[in-house]
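Descriptive analysis of the structure
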Amino acid sequence: MSAPTRERTTGGRRLPAPGRGAIRPDGLRAQLTRPGSLLIFLGLLIAALIWIYPFIWLVSASLKTQPEIFGSGLGLIPETPVWENYSRAWTVVGFDRYFLNSVIITGGTVLLIVVRSALAGYVLGRYQFVGKKLLIAIFLITFFLPEGYTIIPVVQLTDQIGLLNTHLGVILGLGAGGQVAATLLYAGYFSGLPKELEECARLDGAGHFRTFFQVMLPLAWPITATVIILNFLFAWNVYLLPLVFTLSEPALRTLAVGMSAFIGEYSTDWSGLAAAAVISLLPVMAVFIALQRKFVDSIAGAVKQ
Amino acid sequence: MTATLDKSRDLAASAGKAPRQGGLWRRLRKDWWIYLFLLPTLVGYGAYTVYPLVASWWFAFLDWPGFADAGTFIGIENFERLVGDDLFWNSFRNSLVFLALAVPLRVGLALFLAILLNRKRTPFKGLLRTLFFLPVVTTGAIIGVVFTLLLDGSGPISVAMVGLGLLDSPANFVAESGTSLYAGVAVWVWKWLGITMIYWLAALQTIPDEVHEAAMLDGARPWQEFRSITLPLLIPFLVIITLIDTVGALNVFDLMYTMTGGGPAFSSEVIEIFIFRTAFGATVPQLGYASAAAVLFGVLTMGLAVAQAVGVRWARRATGGMK
């Protein structure tokens, strides 16, 4: 790595130190007229365009004819847009069904994780009780447990309670265990809230549950938003568990699982495949672009915690 | 009136302010509602995390063909078979090669990017960060499928590389046993670089401006400043970020499975694909044997996590308790 910059790498946005006029927040033109800065910016811009080229290519491929995809090299503009690729992927291959499955499974998983982590995080963050240390120890031990390690017993358990090949089975498999980070985020947040809030509620005659649901949980909205965002991402994109749970029940496939099945069953339909990929990636990317600040802050905040 | 007083005293006691009093049973009875709050997590965690953790060990000692209701105990036979199974060691080695290449690339490139994007004078930082972050939110399994198209012999990447003179003739990196694993590394780094960049940006912002100003006043050149000031302050983060990325690299199933399927000829079969193939993909699924492989895989992961946890403590001490 070469020396990346002649300028300071600065932290948050602070006011310039007195007497150091050179680090005044610059206008765009001033930023770009420094040769070093311009070079770095252009380098970053080119890298970023290469970075997102696969997505641009994918959208263009989804509008091309079969032979055009591989015949046109790097060319991105389709001769005439073939919108039928989308209707084919949507109805013939069953992506309407897969889309609905993804929505149900993602929604259920996120809801389950929010409710159970908020409840557990609240008592973990604010109260002492017998077994607390043991619980935290188990959380920390299992924090990095890989998915591949637990999948066989999870399938066997789900089979025994009769939920294999159901939406509920997938939701429980994704949301009931793991997800330590969400619980710890809630615990950290609740432990920082002033004690008086709860005492007031109690003196007004609210029980433990009313205090929690009507006073504490609404206060924790910033953390709830973070947990929803991170776990929406997780549940929408997860692959191994939904794949294994639906091996014998194609009607339950999620978008991610449906995509890879597409290859086996329709191996020559590349343009349909590209359209299907766009359909599958679009919702999560749209949500991300709409909420990108919150997304990035959530992740940075979770890391700092 | 007395009831209210009791309630507030209860609250103080359960908040841990009052000295512990009473027997275990009394405390459990008084805190019944706490355990009710914990119930969903205790049940869910017990069934879907703790039970699988223990059950995997038990399954590893069973001969258990899939479709059968239960296995029969065969002692350490599965492990003996694993030790002699070339395909298992092949997947183990592939996973290690993947880790050794992908993790340093992801961590290092992301740090470089974060430093450039942390400069005050880089314009459009927000937009650039968004562009680099975009692949992170996408579905790994779908990215895997899409890259089989992109990396095809007549696909855009091959065409571009021939055009730039980097390749003599078109090549399909996914379909050749010499390159399939490395293609996986490249796509994985591409997909996840953005999130590591955000970790690094969060880390860089913990360094106070004064530190940089002092270095500038002392006449430190940028590279000197990076080496002797920024980097030492970042070491605790380096260890944590490396740990997060390492665990991520062990969970590479979705991308590798949909991109190469572990092939050609097992050249890109990582441990998770081995487990999946043995447990669910084979004509005669072997749940016990796959569990034994999963147990060894889990031990490897735990070992890496412990090694890095030790590393964090060491780094904290070496840098004088900097957080």
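These numbers were taken from a predicted model, which means no experiment stands behind them.

Once that is clear, we can look at the overall build of chain A. Counting its secondary structure elements, chain A contains 16 helices and zero strands. By residue count, 51% of the 305 residues in chain A fall in the buried class. Once local pairs closer than 6 in sequence are excluded, the contacts in chain A between residues at least 24 apart make up 72%. For chain A, the exposed area adds up to about 13800 Å²; of that, 67% sits on carbon and sulfur atoms.

Of the regular secondary structure elements, chain B holds 14 helices and two strands. Taking 20 Å as the expected radius of gyration for a compact globule of 323 residues, we find that chain B reaches 26 Å, considerably beyond that expectation. Residues classed as buried in chain B amount to 52% of the 323 residues present. Within chain B, residue pairs in contact and separated by at least 24 positions form 66% of the contacts whose partners lie at least 6 positions apart. Total accessible area computed for chain B in this model is approximately 14300 Å², and 66% of it derives from carbon and sulfur atoms. For chain B, the centre of its 24 positive side-chain charges and the centre of its 21 negative side-chain charges are spaced 16 Å apart.

Time to look at helix H7 (residues 140–150) of chain B. Counted residue by residue, H7 of chain B has eleven buried out of eleven residues, so it is predominantly covered. Of the positions making up H7 of chain B, those classed as buried are Gly-140, Ala-141, Ile-142, Ile-143, Gly-144, Val-145, Val-146, Phe-147, Thr-148, Leu-149 and Leu-150 of chain B.

A separate point is the side chain of Ser-267 of chain B. Mapped onto the secondary structure, Ser-267 of chain B falls in the loop between helix H12 (253–259) and helix H13 (271–281). Filtering out sequence-adjacent residues up to four positions away, Ser-267 of chain B remains in contact with Asn-94, Ser-177, Ser-180, Leu-181 and Gly-262 of chain B.

With that settled, consider the interface of chain A and chain B. Listed as interface residues are 112 residues of chain A and, on the opposing side, 111 residues of chain B. With both chains or domains summed, chain A and chain B bury close to 11000 Å², and 76% of this area falls on carbon and sulfur atoms. Among the elements that take part in the side of chain A that touches chain B, helix H2 (residues 35–61) of chain A stands out by supplying 14 residues, more than any other. Across the side of chain A that touches chain B, the residue classes tally to 75 nonpolar, 23 polar and 14 charged.

Time to look at the side chain of Glu-68 of chain A. All names here are of chain A. Mapping Glu-68 onto the fold places it in helix H3 (residues 66–71). Lys-64 is the oppositely charged side chain nearest to the buried, salt-bridge-free Glu-68, at an N-O distance of 5.5 Å. In contact with Glu-68, not counting residues within four places along its chain, are Ile-77, Pro-78 and Glu-79.

Turning our attention to the confidence of the model for chain B. Per-residue pLDDT for chain B has a mean of 84; in total, 91% of the residues score no lower than 70. Contacts of residues 1–19 of chain B to residues separated by more than four positions or lying in other chains number 19 contacts, the stretch itself having pLDDT below 50.

Let us look at the confidence of the model for chain A. With 84% of its residues at a pLDDT of at least 70, chain A reaches an overall mean of 82. Of the regions scoring below 50 in pLDDT, residues 1–25 of chain A engages in 46 contacts with residues more than four places distant in sequence or in other chains.

In this section: the pattern of salt bridges. Residue and element names in this part refer to chain B. All told, the structure shown has five salt bridges over all chains when counted by the stated rule. Measuring nitrogen to oxygen at the nearest pair gives 3.2 Å for the salt bridge that ties Asp-31 to Lys-30. Residue classification places Asp-31 among the buried residues on the basis of a relative accessible area of 3%. Put simply, Arg-106 and Asp-245 hold a salt bridge, and the shortest N to O gap is 2.8 Å. Here the residue Arg-106 occupies a position in helix H5 (residues 86–118), and Asp-245 occupies one in helix H11 (residues 222–250), the gap between them amounting to 139 residues. Just as Arg-106 is buried, Asp-245 falls in that class too.

Turning next to the packing of H5 of chain B against helix H6 (residues 125–137) of chain B. Residues and elements named next belong to chain B. Between H5 and H6, whose axes approach to 10 Å, the crossing angle comes to 160 degrees. As judged from the angle between their axes, H5 and H6 are roughly antiparallel. Helix-helix and strand crossings are classified by hand; for H5 and H6 the assignment is left-handed. For the pair H5 and H6, the contacting residues are Leu-113, Leu-117 and Asn-118 in the first and Lys-125, Leu-128, Arg-129 and Phe-132 in the second. Looking at the contact of H5 with H6 residue by residue, the class counts come to four nonpolar, one polar and two charged.

Once that is clear, we can look at the packing of aromatic side chains. Here the structure, examined in full by the defined rule, presents 41 aromatic pairs over all chains. Ring geometry for Phe-59 of chain B versus Trp-64 of chain B: centroids 4.8 Å apart, planes at 85 degrees, classification edge-to-face. Between the aromatic rings of Trp-89 of chain B and Phe-92 of chain B, the centroid separation amounts to 5.4 Å while the plane-to-plane angle is 70 degrees, which identifies the pairing as edge-to-face. Separated by three residues within a single helix, Trp-89 of chain B and Phe-92 of chain B lie in helix H5, roughly one turn from each other. Through successive ring pairs, a cluster of aromatic residues spans Tyr-122, Tyr-127, Tyr-186, Tyr-189, Phe-190, Phe-209, Phe-212 and Phe-213 of chain A together with Trp-33 and Phe-37 of chain B. Arg-81 of chain B extends its terminal NZ or CZ atom over the ring of Tyr-289 of chain B, reaching a point 3.7 Å from the ring centre.

Here the focus is unusual backbone geometry. Residues and elements named next belong to chain B. Of note in the backbone geometry, Ala-265 takes a positive phi value of approximately 55 degrees without being a glycine. Along the chain, the position of Ala-265 falls in the loop between H12 and H13. A relative accessible area of 68% places Ala-265 in the exposed class. Phi is positive for Phe-266, close to 65 degrees, though the residue is something other than glycine. Of note, Phe-266 is situated in the loop between H12 and H13.

Moving on: the nonpolar core. With 180 residues, the main nonpolar core has Tyr-122 and Ile-152 of chain A together with Phe-98, Met-197 and Trp-200 of chain B as its most contacted residues. Top element by residues in this core is helix H9 (residues 180–204) of chain B. It accounts for 17 residues. Those residues in contact with Trp-200 of chain B that lie beyond four places of it in its chain are Val-107, Ala-110, Leu-111, Ala-114, Leu-234, Phe-237, Leu-238 and Ile-241 of chain B.

Further remarks concern the environment of Val-93 of chain A. Residue and element names in this part refer to chain A. Here Val-93 is to be found in the loop between helix H4 (84–92) and helix H5 (95–126). With a relative accessible area of 12%, Val-93 lands in the buried category. Spatially, the C-alpha atoms of Val-93 and Leu-273 are 9.8 Å apart, while their sequence positions differ by 180 residues.

A few words on a nonpolar patch on the surface. A surface patch of nonpolar side chains, amounting to about 580 Å² of accessible area, comprises Phe-209 and Phe-213 of chain A together with Trp-32, Leu-36, Leu-39 and Val-43 of chain B. For the nonpolar patch, the element with the most residues is helix H3 (residues 32–59) of chain B, which contributes four residues. Within the fold, Leu-36 of chain B resides in helix H3.

Turning our eyes to something else, we now look at the environment of Gly-272 of chain A. Residues and elements named next belong to chain A. Here Gly-272 shows up in helix H15 (residues 270–290). Spatially, the C-alpha atom of Gly-272 lies 9.2 Å from that of Phe-262, the residues being ten residues apart in sequence. Residues in contact with Gly-272, not counting those within four places in the same chain, are Asn-85, Arg-88, Ala-89 and Phe-262.

Residues and elements named next belong to chain B. Look at helix H10 (residues 209–217) against H11: their axes get within 11 Å of each other, and the N-to-C directions meet at 160 degrees. Taken together, the axes of H10 and H11 are roughly antiparallel relative to one another. In this structure, H10 meets H11 at a crossing whose hand is right-handed. Only Glu-225, Ile-229, Thr-230 and Leu-233 of H11 make contact with H10, whose side of the interface consists of Val-211, His-212 and Ala-215. For the contact of H10 with H11, the class distribution of residues is four nonpolar, two polar and one charged.

Analysis parameters
Residues numbered from 1 in each chain as written. Chains lettered and ligands numbered in written order. Predicted model: local features only at pLDDT ≥ 70, side-chain atom pairs only at ≥ 80, totals over all residues. Heavy atoms only, no water. Helix = DSSP H or I, 4+ residues; strand = E, 2+ residues; numbered from the N terminus. Buried < 20%, exposed > 50% of the residue type's maximum accessible area, 1.4 Å probe, protein only. Contact = heavy atoms within 4.5 Å. Areas by Shrake-Rupley, 256 points an atom, 1.4 Å probe, with all protein chains shown as cover. Rg over C-alpha atoms; globule rule 2.2 N^0.38 Å. Lys, Arg positive; Asp, Glu negative; His and termini not counted. Charge placed at Lys NZ, Arg CZ, Asp CG, Glu CD. Buried area = accessible area lost by both parts, 1.4 Å probe. Nonpolar A, V, L, I, M, F, W, Y, C, P; charged D, E, K, R; others polar. Salt bridge = Lys/Arg side-chain N within 4 Å of Asp/Glu carboxyl O. pLDDT = per-residue confidence, 0-100. Axes fitted to C-alpha atoms, helices over the stretch in contact; angles between N-to-C directions. Parallel < 35°, antiparallel > 145°, perpendicular 65-115°, else oblique. Left-handed = near helix turned anticlockwise from the far one by under 90°. Phe/Tyr/Trp six-rings, centres within 6.5 Å; stacked < 30°, edge-to-face > 60°. Lys NZ or Arg CZ within 6 Å of the ring centre and 35° of its normal. Core = buried A, V, L, I, M, F, W, Y, C linked by side-chain atoms within 4.5 Å. Patch = residues over 30% accessible without salt bridge, like charges linked within 9 Å, V, L, I, M, F, W, Y side chains within 5 Å.

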